[in-house]
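Observations on chain architecture
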Amino acid sequence: MQIARPDTAVDEIHADVSSFLDSRITMVIGDQKVASESGATLDVFNPATGKKITEVPKGTAQDVDKAVTAARAALNGEWSQLLPADRQRVMLKLADLIEANGEELAQLETLNNGKSVMMSRLIEVGASADYVRYMAGWATKIEGSTIDVSIPVPPGAKYQAYTRKEPVGVVGAITPWNFPLNMAIWKIAPALACGCTVVIKPAEETPLTTVRLVELCLEAGLPAGVVNVITGTGEEAGAALTAHPGVNKLAFTGSTEVGKIIGVQAMRDMKRVTLELGGKAPMVMFDDMDMDQLGVAAGIGVFFNSGQTCCAGTRIYAQKGIYDKVCDFLGGMVGSLPLGSGLDPANQINPMVSAKHQSHVNACIARGAEQGAQPLLKSGPYEGEGFFVKPEIFTDVDQNMSIMQDEVFGPVVTITPFDDPDDAIRMANDTRFGLGASIWTTNLNTMHKYVPKIEAGTVWVNAHNLPDQNMPFGGYKQSGVGREHGRAALDNYLETKSVCIALG
Ligand code: NAD
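Calculation criteria
Residues numbered from 1 in each chain as written. Predicted model: local features only at pLDDT ≥ 70, side-chain atom pairs only at ≥ 80, totals over all residues. Heavy atoms only, no water. Helix = DSSP H or I, 4+ residues; strand = E, 2+ residues; numbered from the N terminus. Buried < 20%, exposed > 50% of the residue type's maximum accessible area, 1.4 Å probe, protein only. Contact = heavy atoms within 4.5 Å. Areas by Shrake-Rupley, 256 points an atom, 1.4 Å probe, with all protein chains shown as cover. Lys, Arg positive; Asp, Glu negative; His and termini not counted. Charge placed at Lys NZ, Arg CZ, Asp CG, Glu CD. Patch = residues over 30% accessible without salt bridge, like charges linked within 9 Å, V, L, I, M, F, W, Y side chains within 5 Å. Salt bridge = Lys/Arg side-chain N within 4 Å of Asp/Glu carboxyl O. Domains from an automatic or database assignment. Buried area = accessible area lost by both parts, 1.4 Å probe. Near = heavy atom within 4 Å. Polar contact = N/O pair within 3.5 Å; in protein donor to acceptor, adjacent residues only side chain to side chain. Nonpolar A, V, L, I, M, F, W, Y, C, P; charged D, E, K, R; others polar.

With that out of the way, let us pick up the overall build of the protein. Scanning the protein from terminus to terminus reveals 17 helices and 20 strands. Overall size of the protein, expressed as C-alpha extent along the three principal axes, is 75 × 65 × 40 Å. The buried share of the protein, taken over its 504 residues, is 56%. Contacts in the protein between residues at least 24 apart in sequence constitute 74% of all its contacts with a sequence separation of at least 6. As displayed, the protein has an accessible area near 19800 Å², and 54% of this comes from carbon and sulfur atoms. Looking at charge distribution, the protein has the averaged site of its 42 positive side-chain charges lying 6 Å from that of its 57 negative ones.

Another point: a nonpolar patch on the surface. Together, Val149, Ile151 and Val153 line one region of the surface with nonpolar side chains, adding up to about 220 Å² of accessible area. Take Val149: it is sitting in the loop between strand E5 (146-147) and strand E6 (158-167). Given the relative accessible area of 32%, Val149 is considered partly exposed.

Now for the domain arrangement of the protein. Segmentation of the protein into domains returns domain 1 (74-277 + 480-498) and domain 2 (282-468). Here the C-alpha centre of domain 2 lies 31 Å away from the C-alpha centre of domain 1. At the junction of the two partners, domain 1 supplies 22 residues and domain 2 supplies 20 residues. Across the domain 1 to domain 2 interface the summed buried area is about 1700 Å²; carbon plus sulfur atoms make up 65%.

Contacts to the ligand come from 29 residues, most closely from Thr175, Glu204, Ser255, Leu277 and Glu407. Between the ligand and Glu204 there is a distance of 2.5 Å, counted from an oxygen atom to a side-chain nitrogen or oxygen. In the environment of the ligand, an oxygen atom lies 3.2 Å from a nitrogen or oxygen atom belonging to the backbone of Gly234. Elements with a contribution of two residues or more to the shell around the ligand: helix H9 (234-243), strand E10 (249-253) and helix H10 (256-269). No other element matches the four residues that H9 contributes to the shell around the ligand. Its residues assigned to classes, the shell around the ligand shows 15 nonpolar, 10 polar and four charged. If you count residues domain by domain, the shell around the ligand takes at least three from each of domain 1 (74-277 + 480-498) and domain 2 (282-468).

Okay, here's the thing in structure tokens:
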């Protein structure tokens, strides 16, 4: 089915979505759709209603072992014989299939994650298809270099050296629930471009679009075992994948806490590892900012995906000349954002992904008030069906309060005044995270002076929360290790082999 216009409400769930949900959803290992060895399953919920919509296999260490074995066999099989142009072609087919099944995938994502179907269509489907095409382009552009060397032994000998870039091997990919399809693509697409094979474990809350994606990988013509999916919990399937000796590289996106566990485990076996972790992004607003941009700053910067975004600008620092206006504007705007199911794009605040996460966000809000921060909206808890949280804005916040230091990952923002810009930058950097940040100013000097002082992997200017496949993305400090996107991302999936030839 052709994908609907992004802003169209879903009045009736697409028949393919209903039949997928009614089917016995499986994992994919090789070209087989399989249940878990144990037969156990995990319930999957619709966050907008709080009701169970289906179940998926609860993968075990045994299942992971089978998937890694399939990925290893594929790495050494037909896949390794394909020309780069063949890999590119099959990736382009996959991108076409993502779009061709776009409405199904978008509705499935919204039913499973709760997010606005507009975002499912634009980001989970549209940006994912673009991402696969972008990485498909790199498949034919992987290159080493020739190197002049000065090896002095034995005297008079001459050598020529060059480097080869080779696939790192079997990739274990572990993804979070906030952008399920998109995060899966951020791992799978560069891995395929580089000739690797993949075992992916999606978050237990949101496995559905990843399962469909891996089915589409087979339909696109990827050989069996090139991409495998194991559904299940982090503690069981995720830990088994992390520890599996047959995995060469771990590609993880998720919380800093779990990232540390995975990083330690990776180093035990010297697995290659990239970690895309949590954030607590500051937005520094100077007196001279264009106040017409406040709507964009709040809508995209803070409340996009209902605040469940790793780069969400949850700490606003506003210079004293505009502080009151920023508070008034956000108070008015945020208080009136429509809250409801993501199936209607008019609803701008959608549910939290799970009951557990709803409790976490509510607890963060309660703690903020207990510690003395002032809730501007006094929203109070949401009462009704589904995992919703009413947005809240905090003022009078100290740097050491948990609402300022810990990732809430919900529709909550703090606003803090500053006088001296250097103080603002000091407060902006006063966090263990360093993923994203933004500066809002119309003064070029201010921009050039303060961008270098911000400790974050991405700094936007008069914008926020906008990644691109060609722009390196990753964290300073405890927001991660390594960069995704762009040419640099390929290095995560390649080994460099030096070849040194003695000349006769
Ligand atoms: P999470 O860390 O709880 O889970 C992420 C994944 O890790 C899930 O698939 C989970 O099953 C798995 N997992 C959990 N414990 C594991 C273990 N012991 N071993 C192996 N795998 C394990 O994160 P989440 O709650 O799903 O996602 C939200 C977090 O992700 C936030 O902190 C957010 O900032 C971060 N995030 C970061 C980026 C980025 O690019 N930096 C992007 C999106 C989300």
